[in-house]
Amino acid sequence: EYITFYLSVPVMLLFSYYLFPYEFSKKILYAILSVCALFVAVGLFTSYDIFTYPRPWYQAIMLLAAFYGLYVYAKAAKNRRPGSKLFFLGFIVFIVTIANDILYANLIINSVPLFYVGLFLFAIILSILLSEQFGKTFTDLQVVNASLHKANEELGSMNNEINEKNSALKKINDEMDSFVARTSHDLRAPLASVLGLINVVREEKNTDRFNTYFSLQEEILNRMNSLIKNLMNFSVNKKSELNLKEIDFKKMVYDSLKDHAFINNTHRIQNNVSIVQDEIFISDPVRLTMIINNLISNAVKYADPKKESNEIFIKIIVQNKMATIE
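Every chain's residues receive numbers from 1 upward, in the order its sequence appears when written. Local features in this predicted model are restricted to residues of pLDDT 70 or higher, and side-chain atom pairs are both shown and tallied only at a pLDDT of 80 or more, whereas totals for entire chains, interfaces and linings draw on every residue. Heavy atoms from the whole structure form the basis of all side-chain values; hydrogens and water molecules are not counted.

Asks: Honestly, the sheet that holds strand β5 (residues 322–325) in this entry has me stumped. Any pointers?
Replies: Strands pair in a sheet through their backbones, by hydrogen bonds, and they do so in one of two ways: parallel or antiparallel. Read from one edge to the other, the open sheet built from three strands follows the order β2-β4-β5, with strand pairing classed as mixed. Each edge of the open sheet carries a strand with a single partner, namely β2 (269–277) and β5. Each strand axis lies, on average, 10° off the axis of its neighbour in the sheet, ignoring direction. Any pair of residues with heavy atoms lying within 4.5 Å of one another is described as a contacting pair. Interaxial angles span 0 to 180 degrees and are taken between N-to-C directions of axes, which are lines fitted to C-alpha atoms, for helices over the stretch in contact. Numbering of helices and strands starts at the N terminus; helices are DSSP runs of H or I of at least 4 residues and strands are runs of E of at least 2. Those strands touched by helix α9 (residues 249–259) are β2, β4 (310–319) and β5, and its axis lies near 165° from that of β2. When DSSP finds two or more bridges between two strands, those strands count as paired.

Pasting the structure below:
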């Protein structure tokens with residue numbers, strides 16, 4: 001019975017401290033807790049005659065703690081802490097009943113014990129206060145959950161966007177690999193022809209034919225320069241619409257054959273070209289040139305040297321706005 005009496009002040013102090021931590025002094029809290037701990041120790045380890053003796057002193061400590069609590073709650077109410085006004089009013093009623101019981105127990109006034117009435121009213125006020133805080137916490141939790149749900153949706157959207165960008169990046173990498181392979185074809189053929197012409201010029205005894213070879217070199221290099229310009233603008237062209245123009249298949253094919261005319265072993269390859277184009281055909285000349293260059297380059301590169309003769313057979317038929325290339 002006495003231990004619970006001695007513990008009432010520490011419990012109430014701790015409750016008040018955690019309720020209004022900014023108004024409650026830690027130094028005062030630790031000082032009162034230390035004094036109360038001595039009373040609790042006396043109640044635990046001494047006899048009845050000893051632990052009942054300091055009861056009046058503890059009542060004085062209880063009153064001092066109660067008035068300090070009243071100061072803390074008034075300060076909290078002034079600072080407009082949540083629920084502080086209601087708590088302050090409830091504690092006034094509670095402290096009045098405590099003072100009444102102390103005076104009644106010491107036969108100073110002739111009244112009735114009111115502690116449990118005050119405690120009952122204070123408990124109701126605390127219930128209301130805690131219910132309001134619980135309701136506010138629940139509302140805040142709903143807001144946080146809504147924000148979290150929105151954040152999850154945004155995160156899901158971002159993940160989808162990242163996956164789409166990863167797919168697009170993979171596609172770009174695949175296209176880049178293909179682009180490098182095609183470009184190597186288109187650049188290797190004219191370079192090989194120029195190198196072949198250089199070897200022909202070295203072996204040529206008739207200097208009068210040099211100008212012819214130089215003209216061929218110039219023509220091949222000009223077409224190569226044009227190809228490089230197209231490649232430099234590849235990223236722009238890739239994103240833009242097709243550059244549709246009228247296609248002259250004869251010029252396109254024979255230009256490509258000239259670009260490959262002086263590659264090693266091409267003198268052993270016979271070109272058999274058949275082009276039937278009696279109507280206008282519209283397409284992208286840059287892309288179509290790349291296709292024809294790649295096909296002719298592969299034919300020259302992979303010609304069978306064991307055969308007595310090799311032949312590149314090219315047949316193009318344009319009709320009904322379509323072109324068939326073999």
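From this point, things continue past the structure.
Asks: Before we go on, may I ask you to explain the packing of aromatic side chains in this structure?
Replies: Each pair of aromatic rings is reported with the distance of its centres and the angle of its planes. Only centres within 6.5 Å qualify two rings of Phe, Tyr or Trp (six-membered ring in Trp) as a pair; their planes then separate them into stacked at under 30 degrees, edge-to-face at over 60, and tilted for everything else. Tallied over the entire structure, the rule returns 18 aromatic pairs. Taking 6.0 Å as the distance between ring centres and 40° as the angle between the ring planes, the aromatic pair formed by Tyr68 and Tyr71 counts as tilted. Note that Tyr68 and Tyr71 are positioned in helix α4 (residues 55–78) at a spacing of three residues, about one turn of the helix. Think of it in three bands: residues with accessible area under 20% of the maximum for their type are buried, residues over 50% are exposed, and the middle band is partly exposed, with areas taken using a 1.4 Å probe on protein chains only. Judged by relative accessible area, Tyr68 falls into the buried class, the value being 14%. Between the aromatic rings of Phe91 and Phe94, the centroid separation amounts to 6.3 Å while the plane-to-plane angle is 65°, which identifies the pairing as edge-to-face. Of this pair, Phe91 and Phe94 both sit in helix α5 (residues 84–105), three residues apart, which is roughly one turn of the helix. Each member of the pair Phe91 and Phe94 is classed as buried. Chaining the aromatic ring pairs together yields one cluster made of Tyr2, Phe5, Tyr6, Phe39, Tyr48, Phe51 and Tyr58.

Asks: Just to check I follow, could you spell out the packing of helix α2 (residues 26–45) against α4 for this structure?
Replies: Think of two packed helices as two axes; the pair is described by the angle between the axes and how far apart they sit. Two numbers describe how α2 lies on α4: the axes approach to 12 Å, and their chain directions differ by 160°. Between α2 and α4, the interaxial angle falls into the category roughly antiparallel. Note on packing geometry: the crossing formed by α2 with α4 is left-handed. Between α2, through Ile28, Ile32, Val35, Cys36 and Phe39, and α4, the contact on the second element is made entirely by Trp57, Tyr58, Ile61, Ala65 and Tyr68. When an angle is under 35 degrees it counts as roughly parallel; over 145 it counts as roughly antiparallel; between 65 and 115 it counts as roughly perpendicular; any other value is oblique. Helix crossings fall into two classes, left-handed where the near helix is turned counterclockwise from the far one by less than a right angle and right-handed where it is turned clockwise.

Asks: How do you make sense of the packing of α5 against helix α6 (residues 115–203) when you look at a structure like this?
Replies: Contact geometry of α5 with α6 gives a least axis separation of 8 Å together with a crossing angle of 165°. The angle between the axes of α5 and α6 places the two elements in the roughly antiparallel class. In this structure, the crossing between α5 and α6 has a hand that is left-handed. Every residue of α6 that contacts α5 at Leu86, Phe87, Gly90, Phe91, Val93, Phe94, Thr97, Ile98 and Asp101 is listed here: Phe115, Gly118, Leu119, Leu121, Phe122, Ile125, Leu126, Ile128 and Leu129. Of the residues assigned to the contact of α5 with α6, the class counts are 14 nonpolar, three polar and one charged. Polar here means any residue outside two lists: the nonpolar Ala, Val, Leu, Ile, Met, Phe, Trp, Tyr, Cys and Pro, and the charged Asp, Glu, Lys and Arg; Gly therefore counts as polar.

Asks: Help me understand the nonpolar core, please; the structure alone is not making it clear to me.
Replies: A general feature of soluble globular proteins is that nonpolar side chains tend to end up buried together. Only buried residues count toward a nonpolar core, which is a set of Ala, Val, Leu, Ile, Met, Phe, Trp, Tyr and Cys residues joined through side-chain atoms within 4.5 Å. Within the largest apolar cluster, 33 residues are counted, with the highest numbers of intra-cluster contacts made by Val9, Leu13, Phe20, Phe24, Tyr58, Phe87 and Phe91. When residues of this core are traced back to their parent elements, those giving at least two are α1 (2–19), α2, α4, α5 and α6. Per-element tally for this core: the top contributor is α4, with 10 residues.

Asks: I keep staring at the pattern of salt bridges and nothing clicks. Help me out?
Replies: A side chain of one charge can pair with a side chain of the opposite charge if their charged atoms are brought near each other. The working definition used for a salt bridge is a side-chain nitrogen of Lys or Arg within 4 Å of a carboxyl oxygen of Asp or Glu. The full count for this structure, using the stated rule, is seven salt bridges. Close ionic contact of Lys170 with Asp174 constitutes a salt bridge, the shortest N to O distance being 3.3 Å. A residue pair is termed a helical-turn pair when its members lie 3 or 4 positions apart in one helix, as Lys170 and Asp174 do in helix α6 at four residues. For Lys170, a relative accessible area of 54% puts it in the exposed group.

Asks: Just checking my understanding: could you explain a nonpolar patch on the surface for this structure?
Replies: Among the surface-exposed residues, Val93, Val112, Leu114, Val117, Phe120, Leu121, Ile124 and Ile128 lie close enough to one another that they form a single nonpolar patch of about 650 Å² accessible area. Here the nonpolar patch gets five residues from one element, more than from any other, and that element is α6. Topologically, Ile128 is positioned in helix α6. Residues form patches when they are more than 30% accessible in relative terms and have no salt bridge. Like charges link within 9 Å. Nonpolar side chains (Val, Leu, Ile, Met, Phe, Trp, Tyr) link within 5 Å. Computed by Shrake-Rupley with a 1.4 Å probe, the accessible areas treat only the displayed protein chains as cover when residues are assessed.

Asks: Got a minute to help me understand the side chain of Gln59 in this structure?
Replies: Mapped onto the secondary structure, Gln59 falls in helix α4. For Gln59, a relative accessible area of 7% corresponds to the buried category. Every residue in contact with Gln59, bar those within four places of it in the chain, is listed here: Phe5, Ile102 and Asn106.

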